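Residue-level structural notes
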Amino acid sequence: MASAAGGGAAGEGEWLKVAQLRAMVQAQDPHAKEVDNLTLRRFLRARDHNVDKASAMFLKFLQWRREAAPGGFVPEEQVRRELSQDKLCMGGVDRTGRPILVAFPTRHFSANRDMAEFKSFVVYFFDKICARIPRGQEKFLCIVDLKGWGYANCDIRAYIAAIEIMQNYYPERLGKALLINVPYMFMKAWKMIYPFIDNNTRDKFVFVDDKSLQQTLRREIDENQLPEFLGGKMPVIPLKDHVQHPQAV
């Protein structure tokens, strides 16, 4: 179990609430004993330190996890078609040490999407990026490149499903999502997605103006870690080709 120390800034009062949360969830589900204090703290923060609400959220997560990843993880063969489209790639790290996930929504087509496989794919890639988060850091940064996005790529149901999985089951993991090369027509889709994003998550989505793209990217990411296709020196690796190295999470 991870100790309270090393988990970032937190006051004594917050750790007392984590202890209360642990006692509450362990009384209802013994599997909660396997979860570290930093994970419980993320659920607590996601519910504005309301222990009762955090408990309900966390217990729902435990039940969901057993169904979504019965063996503890989503096997690659279960999401092979999604992986083959290279719609998600691993990048370097930002200036604070958060690992970078790069998304290409133009490689996603609603016409040939299977929702069950897509949801499994969402779990698969969140597990992969979270496994890259180093000790002392709890979040990742995502670059969403919407260049060339059109109606064939528009999949509101899938977008909402991904956001809800992230909010409900991976709370406080997204540090920031930079949406770049945003076409005007995407904003119509965004208006339909926005109501489904909770208040804690909305501010993490940042629309980057084309004129300030390089300035924004280089403020967040060193040139050596910036993806090559955005003018940096770091090649991005498709998720299917990424070799996971052990990390202390």
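Within an unreviewed UniProt entry, the label attached to the protein chain reads CRAL-TRIO domain-containing protein, and the organism entered is Urochloa decumbens.

1. Let's talk about the overall build of the protein chain
From N to C terminus, the protein chain includes nine helices and six strands. Here the protein chain has a C-alpha radius of gyration of 18 Å; the compact-globule value for 249 residues is 18 Å, and the two agree. With the C-alpha coordinates of the protein chain rotated into their principal frame, the extents come out at 50 × 35 × 35 Å. Sequence-distant contacts, at least 24 apart, represent 76% of the contacts inside the protein chain between residues at least 6 apart. Looking at the protein chain as shown, the accessible area adds up to about 12300 Å², and 54% of this sits on carbon and sulfur atoms. Taking the average place of the 36 positive charges on the side chains of the protein chain and the average place of its 30 negative ones, the gap between the two points comes to 2 Å.

2. A short note on the sheet that holds strand S3 (residues 140-145)
Taken in spatial order, the six strands make up an open sheet running S5-S4-S3-S2-S1-S6, and their pairing is mixed. The open sheet is flanked by strand S5 (205-207) and strand S6 (237-238), the only strands paired with a single partner. As defined by bridge partners, strand S1 (residues 88-93) adjoins strand S2 (residues 99-103) across four bridges and the pair is classed as antiparallel. For Met 90, the partnering residue across the bridge sits in S2 and is Leu 101. Across the face of the sheet, helix H9 (residues 213-220) comes into contact with S3 and strand S4 (174-180) while running at roughly 160° to S4.

3. Structural notes on the pairing of S3
By the criterion of burial, S3 is predominantly enclosed, with six of the six residues buried. Here S3 shows two buried faces, one formed by Phe 140, Cys 142 and Val 144 and the other by Leu 141, Ile 143 and Asp 145. Here four bridges tie S2 to S3, and the two strands are oriented parallel to one another. Bridge pairing in S3 links Ala 103 to Val 144. Handedness of the S2-helix H5 (residues 115-131)-S3 crossover: right-handed. As paired strands, S3 and S4 are joined by six bridges and run parallel to one another.

4. Things to note about helix H6 (residues 156-169)
Compared with the 20 Å implied by 1.5 Å per residue over 14 residues, the 20 Å span of H6 between its first and last C-alpha is a close match. Counted residue by residue, H6 has 11 buried out of 14 residues, so it is predominantly covered. Within H6, burial applies to Ile 156, Ala 158, Tyr 159, Ile 160, Ala 161, Ala 162, Ile 163, Ile 165, Met 166, Gln 167 and Tyr 169.

5. Focus: the UniProt feature "domain: CRAL-TRIO" (unreviewed entry) in the protein chain
UniProt tags residues 76-238 as "domain: CRAL-TRIO" (unreviewed entry). Secondary structure across residues 76-238 divides into 34% helix and 18% strand, with the first and last C-alpha atoms of the span separated by 14 Å.

6. Digging into the pattern of salt bridges
Taken as a whole and assessed by the stated rule, the structure comprises 17 salt bridges. A salt bridge links Arg 66 to Asp 29, with the shortest nitrogen-to-oxygen separation between them at 3.0 Å. Of this pair, Arg 66 sits in helix H3 (residues 51-68) while Asp 29 sits in the loop between helix H1 (12-28) and helix H2 (37-46), placing them 37 residues apart in sequence. A relative accessible area of 34% means that Arg 66 is categorised as partly exposed. Asp 29 sits in the buried class, given a relative accessible area of 8%. Where Arg 42 meets Glu 138, a salt bridge forms, and the shortest distance between an N and an O atom there is 2.7 Å. Remark: Glu 138 occurs in the loop between H5 and S3 and Arg 42 occurs in helix H2; sequence separation between them is 96 residues. Pair check on accessibility: Arg 42 and Glu 138 agree, each one buried. The structure contains a network of salt bridges with shared partners spanning Asp 94, Arg 98, Lys 176 and Glu 220.

7. Brief notes about the nonpolar core
Ranked by size, the top nonpolar core spans 65 residues in total, and within it Phe 58 and Phe 126 carry the most contacts. Apart from the residues lying within four places of it in its own chain, the contact partners of Phe 58 are Val 25, Ala 32, Val 35, Thr 39, Leu 40 and Phe 43.

8. Focus on the packing of H6 against helix H7 (residues 186-193)
Interaxial distance between H6 and H7 falls to 10 Å at its minimum, and their mutual angle equals 50°. In terms of axis orientation, H6 runs oblique to H7. The crossing of H6 and H7 is right-handed. Contact residues: Ile 156, Tyr 159, Ile 160 and Ile 163 in H6; Ala 189, Met 192 and Ile 193 in H7.

Quick notes on the rules
Residues numbered from 1 in each chain as written. Predicted model: local features only at pLDDT ≥ 70, side-chain atom pairs only at ≥ 80, totals over all residues. Heavy atoms only, no water. Helix = DSSP H or I, 4+ residues; strand = E, 2+ residues; numbered from the N terminus. Rg over C-alpha atoms; globule rule 2.2 N^0.38 Å. Contact = heavy atoms within 4.5 Å. Areas by Shrake-Rupley, 256 points an atom, 1.4 Å probe, with all protein chains shown as cover. Lys, Arg positive; Asp, Glu negative; His and termini not counted. Charge placed at Lys NZ, Arg CZ, Asp CG, Glu CD. Pairing = 2+ DSSP bridges. Axes fitted to C-alpha atoms, helices over the stretch in contact; angles between N-to-C directions. Buried < 20%, exposed > 50% of the residue type's maximum accessible area, 1.4 Å probe, protein only. Right-handed = clockwise from strand over helix to strand, strands pointing away. Expected span 1.5 Å × (residues − 1). UniProt positions renumbered as here; feature names shortened; annotations may be inferred. Salt bridge = Lys/Arg side-chain N within 4 Å of Asp/Glu carboxyl O. Core = buried A, V, L, I, M, F, W, Y, C linked by side-chain atoms within 4.5 Å. Parallel < 35°, antiparallel > 145°, perpendicular 65-115°, else oblique. Left-handed = near helix turned anticlockwise from the far one by under 90°.

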